[in-house]
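Here is what each chain is made of, one letter per residue.
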Amino acid sequence: MLIRGPKILTLLTNLKASFTIIDGMLDLVQIAKTVEPMRVYGRVAVVNGLLIEAKGGLSYMQVGARCEILRRNEEPLPVEVVGFREDRALMMPFGPVEGVTPGAEIRISAEGSKVFPTTAWLGRIVDSFGNAIDSHGPLPQGPEGYLLKAAPPAAHTRARVGERLNLGVRAMDVFTTCCRGQRLGVFAGSGVGKSVLLSMLAREATCDAVVVGLIGERGREVREFIEETLGPEGLKRAIVVVATSDEPALKRRQAAYMTLALAEFLRDQGLEVLCLMDSVTRFAMAQREIGLATGEPPTTKGYTPTCFAELPKLLERAGPGPVLADGTQAGPITALFTVLVDGDDHNEPIADAVRGILDGHIVMSRNIAERGRFPAIDVLKSISRTMPECQTIPEREVVRQARKVLSAYSNMEELIRIGAYRTGADPDVDRAIQLNPAVEEFLRQGKDEYTPLDESFTLLAEILSQA
Ligand SMILES: Nc1ncnc2c1ncn2[C@@H]1O[C@H](COP(=O)(O)OP(=O)(O)OP(=O)(O)O)[C@@H](O)[C@H]1O
Ligand SMILES: [Mg+2]
C-alpha cells in the first residue's frame, strides 16, 4: 500500500503559490499535512529463534532501518533490518518475539533511528530508545534529530587533540595525562574497579556534561551505580544510558550508539563533553550475537568480522570535533571506554582491537587490587599516546623519575619481599625501596577523594625530592 503524503503536500503547496486565492486550498494543505508519510508493508515469512525473515517491500529496506511488526493483541514489535538473504530481509527484534504470527504485517521505514534530545535530559536516565526509565516522567523532545548510527567525522575535517583535561584521579592525571578530545581505554578483568573509576571521573573531571553508557551491566548494579557510586552530584550533569545484560542484543548494541549520539548532541550545544562507556566489550558481544544469528562466520573467540568492523565506527565518533556547516569547529568529545578482559588475558581479540583504535590505554591489575590499592592502575603498563606534548618539561621529568622508581621496585619486588636483596647492591633499587611506600600512597585514592591535576604533579615532585 502506498500513500505518497509528502508528494501531495509539495504539489498542493506549489499550486497554492501559483493561484494566490483559491478557496479551500489552505484546508487541503492542512489535510495533506496530516497524511502519514509513505508507508510500505512487508510480511513475516519465518521466525527462527531471534531471527525474523520478511518478504515483500525489499526495495524500500536497507540494513540498519527500523521497522515494526504488527501484532494482534500487543503493541507493534520494533525490529531492525540486519541483512538480506536471497529474496528475504533478515530482521532482529528489540523485544520478545511473542505474538508474532506468520504473514504478520511489517511496517517498513527506510530511515535509520534518530533521537531528539534536549539539554533537559541532563540528570536523567534513558534506555536505548531514548525513553526515560527513571521516575521523573517523559522527556521533552528537541527539534533536531541525531542519527543513532551516525558516521564518524571525516579525518581531514577534525581538529587536533586539545590541551589537557583535569580528571581528578592522581594516577591518571600524572601518568596518563588526558587531553581534550582524547579517547582512552580502561582495561581490566572483572571486579578490579572499572566502574568505580568511571564514576570518579563522572563526578570530578573538569567538563560541562557527561554521558555514561552502561552497556550489558547486571541489572542489580545499575541502581547501585547511579545512586551510590555516581551519586546525586554526579548525576546532575550526566545523562545515563542503560541496557542491562538481559535485554536483547540489538538493544544493548543500540545503547552504545545512543551514548555516542547524545555526546554528539551535547557537543553541538557547545558543552565540554566527557563520554564514558562501560563496557565496549559488551557492545562487541552484542554485535557477535547479531552477527552469528545472521549467519556470519565466527572468527577468534566466536567474534564475527562485523564486530571488528563496527568497533572503529563506534569509537571514532568520539574525539576532536569536525568543521561544522557554518565553518566553525565543533568541540571535542573526550571519551573513556572500559574493556573487560576475559580471564585477565590482555591479548584477547577485543582488547587487542580496541587498543589499536584508541589513543592510549589504562591497565588495571588484579594483583594490585588484591593488595588493596585502589584504583588498581598499573602505571607501568598504561600509556597515553598524546602525553609528552601536553606536559611541561619539569612535569615530564617528574613522570620519568617516578616510573624509574616504580620499575626498579617491581623488578626486584620478589627479592625484596623474601629479604634476599642487600642494601647497597644497586643505588636505584635502594632509592626505590625508600620511596616506594610514598609513591604507592600517592597512587592510592579513595572513591570520594579529589586532587586537581597541578596539585598531583606538585605532590609527586615533593615525594621524589625526599631521596
Ligand atoms: N577507589 C576505590 N576505593 C576503594 N575501593 C574500591 C575503589 N575502586 C574499586 N573498589 C572496590 O572494588 C570493587 C569492584 O569495583 P567495580 O565494581 O568498579 O569493578 P568492575 O571492574 O567494574 O567489576 P565488573 O567487571 O564486575 O563490572 C568495589 O566494590 C570496591 O569494593
Ligand atoms: Mg563494572
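What comes next is a walk through the structure.

Quick notes on the rules
- Residues numbered from 1 in each chain as written.
- Chains lettered and ligands numbered in written order.
- Predicted model: local features only at pLDDT ≥ 70, side-chain atom pairs only at ≥ 80, totals over all residues.
- Heavy atoms only, no water.
- Helix = DSSP H or I, 4+ residues; strand = E, 2+ residues; numbered from the N terminus.
- Buried < 20%, exposed > 50% of the residue type's maximum accessible area, 1.4 Å probe, protein only.
- Pairing = 2+ DSSP bridges.

For the rest of this paragraph, the subject is the environment of Glu-228. Its location among the elements puts Glu-228 in helix α5 (residues 219-236). The exposed category is assigned to Glu-228, whose relative accessible area is 65%. With 169 residues separating them in the primary sequence, Glu-228 and Glu-397 have C-alpha atoms 38 Å apart.

Reading across from one edge, β8-β14-β13-β15-β16-β12-β17-β18 is the order of the eight strands in this open sheet, with mixed pairing throughout. Of all the strands in the sheet, the pair left with one neighbour each is β8 (125-126) and β18 (383-384). Sheet topology places strand β15 (residues 273-278) next to strand β16 (residues 333-340); five bridges connect them, and they run parallel. Residue pairing in the sheet places Val-273 in a bridge with Ile-333 of β16.

Below, the discussion takes up unusual backbone geometry. The step from Asp-278 to Ser-279 runs through a cis peptide bond, and the omega angle for that step is 0°. Omega for the bond connecting Phe-374 with Pro-375 falls within 30 degrees of zero, at -10°, which places this linkage in the cis form. Summarising the element assignment, Pro-375 is placed in the loop between α10 (366-370) and β18. Positioned with a positive phi, Glu-86 is a non-glycine residue whose angle comes to about 50°. Within the secondary structure, Glu-86 is located in the loop between β4 (77-85) and β5 (88-93). Residue Lys-301 is not a glycine yet carries a positive backbone phi of 50°. Within the secondary structure layout, Lys-301 lies in the loop between α7 (280-293) and α8 (305-315).

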